[in-house]
Amino acid sequence: METDPIRVCELLVGLPDVDVLGVDDEPGGPLRVHVECRDQRPGCAQCTTVAWVKDRPRVELVDLPVFGRPARLMWHKHRWWCPNPGCDTGSWTGENPRIAAARLKVTDRAGRWVTYQVGRLGRTVSEVARDLGCDWHTVNDTVLAYGEALVDDDPDRIGDVAALGLDETLFCRQGRWRRQQWATSIVDVSADGGGYLLDVVAGRDATGASAWLAARPAPWRKAIRFGVLDLSGPYRKTFDDTLDHVVQVADPFHLIRLANQKLDECRRRVQNETIGHRGRRDDPLYRARRLLTKAHERLDDRGETRLAGLLRAGDPHGEVRTAWHAKEVVRSIYHITDCDLAAEFVTQLGADLQDDDCPPEVHSLGRTLVRWRDQIVAWHRARVSNGPTEAINNLIKRIKRIGFGFRRFSNYRIRVLLYAGRPNWDLLATITPR
Ligand SMILES: [Zn+2]
């Protein structure tokens, strides 16, 4: 058993090559442990003359709590200077990354702990700050410094990807008019081993995603076989420009959602035309809105009878009924197992939906089917979707909720990548914070 009090203290502080100078114990405040480095006087980097001490600046670092109390490491640093009159080095401060990274306000061990708590366990920054008895910014800056290294300095984080999905996410609303700020999620959606976030880039136009893809090594890009996208022009352009060899696949979820949107538009228009105002609680079409967008097979007999009755009452020309049928037929595209049959089916459906009898909303759906036919049909061969992207978007939503909205994109990026980007947490012990 160790009994020398200074030695005991050093054991408890647990830092290499450090002398403990003393401990401040202010009631109600954090425990302050004063330390200095035990190292020899260094030589000047330029002329190797042994340096002199110029100054002893003190740095206060947030450390891990001890014995249930917040703690601070008071680091009495050495400011050295070169006494050689012929040398212009001047002075410099002694650093030790094993105690703390130069620009951060936390000890190295606290930095790694904080990054794990926030980045992996998804705890809030303020919650962790409360544990350490420090402010929000100290924790947030730390998570970004260690997190960026974990995410961006590991060449193995992004492995080979067979199917790549692009999808938009709203990451915050900014300014007086709460302007929407969009980001693009780049996701590995491969059937096996996929389902993680490769990266996020600012904006939802083609530029960000295209630049990101262009910066990848050529063999990595070549290995991608499928590109999954919503029915939007920008992502189509990204794939056309930077991955022209991949088979583009329209995401089934987005197509079915579009069919539902068109149905909804149609319902609202008919409602307005027949009763002269927007839907109210007692209007038949308004009451039918949930039954309409529900998958047909999920309606029980009662629901079906109800829906038929409400349509009879509120849809005099059968337009909503047609839009409802269109939605159901679009859903049935994904029940077809044969690829060639699916291609024929979508071609025919695109034409049928633009028939003179169909309401304008259904026409519009038909035009989309024609414009995106190849991508829609490609699903039957590829069998990949942005399903994993949706799962990741749910994770992102969780992070956004606990992040209380991110104002800075870089902040948002690191946080969501730590959570959904599958970083190698084993590297947390060895990475160098940025
Ligand atoms: Zn010198």
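Residues numbered from 1 in each chain as written. Predicted model: local features only at pLDDT ≥ 70, side-chain atom pairs only at ≥ 80, totals over all residues. Heavy atoms only, no water.

Caption draft 1: How the structure looks around the overall build of the protein chain. Helices and strands together make up the secondary structure of the protein chain, namely 17 helices and twelve strands. Counting only residues that meet the buried cut, the protein chain has 48% of its 434 residues in that class. Long-range pairs, those at least 24 residues apart, make up 60% of the contacts in the protein chain between residues at least 6 apart in sequence. Carbon and sulfur atoms make up 50% of the accessible area of the protein chain, which amounts to about 22,300 Å² in all. Distance from the positive charge centre (65 side chains) to the negative charge centre (60 side chains) of the protein chain: 5 Å. (Helix = DSSP H or I, 4+ residues; strand = E, 2+ residues; numbered from the N terminus. Buried < 20%, exposed > 50% of the residue type's maximum accessible area, 1.4 Å probe, protein only. Contact = heavy atoms within 4.5 Å. Areas by Shrake-Rupley, 256 points an atom, 1.4 Å probe, with all protein chains shown as cover. Lys, Arg positive; Asp, Glu negative; His and termini not counted. Charge placed at Lys NZ, Arg CZ, Asp CG, Glu CD.)

Caption draft 2: Structural context of the environment of Arg-58. Along the chain, Arg-58 turns up in strand 4 (residues 58-66). We classify Arg-58 as exposed; its relative accessible area is 54%. A sequence separation of 16 residues divides Arg-58 from Met-74, and the C-alpha atoms of the two residues are 6.6 Å apart. With near-sequence residues (within four places) excluded, Arg-58 lies in contact with His-34, Trp-75 and His-76.

Caption draft 3: Structural detail: the nonpolar core. Residues Val-139, Leu-164, Leu-197, Leu-198, Trp-220, Ile-333 and Ile-376 are the most contacted members of the largest nonpolar core, which totals 98 residues. Here this core gets eight residues from one element, more than from any other, and that element is helix 4 (residues 136-152). Sequence-distant contacts of Ile-333, defined by excluding residues within four places in its chain, comprise Leu-255, Phe-345, Val-346, Leu-349, Leu-369, Ile-376 and His-380. One finds Cys-9, Val-13, Leu-61 and Ile-99 within the second-largest nonpolar core, a separate group that totals 13 residues. (Core = buried A, V, L, I, M, F, W, Y, C linked by side-chain atoms within 4.5 Å.)

Caption draft 4: The pairing of strand 1 (residues 18-25), seen in detail. Of the strand pairs in this sheet, strand 1 and strand 2 (residues 31-37) are connected by seven bridges, and their pairing is antiparallel. Within the sheet, the bridge partner assigned to Val-18 lies in strand 2 and is Cys-37. Count of turn residues in the strand 1/strand 2 antiparallel hairpin: five residues, of which Gly-28 carries a positive phi of about 85°. (Pairing = 2+ DSSP bridges.)

Caption draft 5: Quick peek at helix 2 (residues 108-120). In a regular helix each residue adds 1.5 Å, so 13 residues correspond to 18 Å; helix 2 covers 18 Å between its end C-alpha atoms and thus fits that length. Among all positions in helix 2, only Asp-108, Ala-110, Gly-111, Arg-112, Val-114, Thr-115, Gln-117, Val-118 and Gly-119 are buried. Just downstream of helix 2, Gly-122 is the residue with a positive phi angle, here 70°. (Expected span 1.5 Å × (residues − 1).)

Caption draft 6: Layout of the packing of aromatic side chains. Across all of its chains, the model carries five aromatic pairs by this definition. Measuring from centroid to centroid gives 5.1 Å for Tyr-334 and Trp-379, while their planes differ by 85°, and the two rings are edge-to-face. Pair noted here: Tyr-334 is in the loop between helix 12 (319-332) and helix 13 (339-352) and Trp-379 is in helix 15 (residues 373-382), with a separation of 45 residues, a long-range link. For Trp-379, a relative accessible area of 12% puts it in the buried group. Relative to Tyr-412, the ring of Phe-409 lies with its centre 6.0 Å away and its plane at 45°, an arrangement referred to as tilted. Note that Phe-409 and Tyr-412 are positioned in helix 17 (residues 409-420) at a spacing of three residues, about one turn of the helix. Over the aromatic face of Trp-182 sits the side chain of Arg-204, whose NZ or CZ is 4.0 Å from the ring centroid. Lying over the aromatic face of Trp-372, Arg-236 brings its terminal NZ or CZ to 4.5 Å of the ring centre. (Phe/Tyr/Trp six-rings, centres within 6.5 Å; stacked < 30°, edge-to-face > 60°. Lys NZ or Arg CZ within 6 Å of the ring centre and 35° of its normal.)

Caption draft 7: Molecular detail of the state of the cysteines. On inspection of all chains with the given rule, the structure shows zero disulfides. No disulfide involves Cys-266; its sulfur sits 10.0 Å from that of Cys-358, the nearest cysteine. A residue is classified by how much of its surface remains accessible, and Cys-266, at 0% relative accessible area, is buried. (Disulfide = S-S within 2.5 Å.)

Caption draft 8: View of the coordination of the zinc ion. Those protein atoms acting as donors to the zinc ion are Cys-44 (SG), Cys-47 (SG), Cys-82 (SG) and Cys-87 (SG), and they sit at 2.3 to 2.4 Å. Of note is the zinc ion, whose four donor atoms meet at the metal with angles of 97 to 114° in an arrangement that counts as tetrahedral. Here the donor residues for the zinc ion map to a single chain with the spacing C-x2-C-x34-C-x4-C. With Cys-47 in the loop between strand 2 and strand 3 (52-55) and Cys-87 in the loop between strand 6 (79-81) and strand 7 (91-93), this residue pair connects regions lying 40 residues apart in the sequence. Overall, Cys-47 belongs to the partly exposed group, its relative accessible area being 24%. Taking relative accessible area as the criterion, Cys-87 reaches 13% and is therefore assigned buried. (Donors = N, O, S within 2.8 Å, 3.2 Å for Na, K, Ca; no water. Tetrahedral: all angles 85-135°; square planar, octahedral: opposite > 155°, others 65-115°.)

Caption draft 9: Structural view of unusual backbone geometry. One non-glycine residue, Asp-17, lies in the positive phi region at around 55°. Checked against the element boundaries, Asp-17 lands in the loop between helix 1 (5-13) and strand 1. Residue classification places Asp-17 among the partly exposed residues on the basis of a relative accessible area of 48%. Of note in the backbone geometry, Arg-422 takes a positive phi value of approximately 50° without being a glycine. Turning to its location among the elements, Arg-422 is positioned in the segment after helix 17.

Caption draft 10: Region of interest: a negative patch on the surface. A cluster of acidic residues, Asp-352, Asp-355, Asp-356 and Asp-357, forms a negative patch at the surface. Structurally, the position occupied by Asp-357 is in the loop between helix 13 and helix 14 (360-371). (Patch = residues over 30% accessible without salt bridge, like charges linked within 9 Å, V, L, I, M, F, W, Y side chains within 5 Å. Salt bridge = Lys/Arg side-chain N within 4 Å of Asp/Glu carboxyl O.)

Caption draft 11: Quick peek at the side chain of Glu-36. Among the secondary structure elements, Glu-36 is positioned in strand 2. Only 2.7 Å separates the side chain of Glu-36 from the side chain of Arg-56, close enough to count as a polar contact. Residues within four places of Glu-36 in sequence aside, it is in contact with Asp-17, Val-18, Asp-19, Leu-21, Arg-56, Trp-75, His-76 and His-78. (Polar contact = N/O pair within 3.5 Å; in protein donor to acceptor, adjacent residues only side chain to side chain.)

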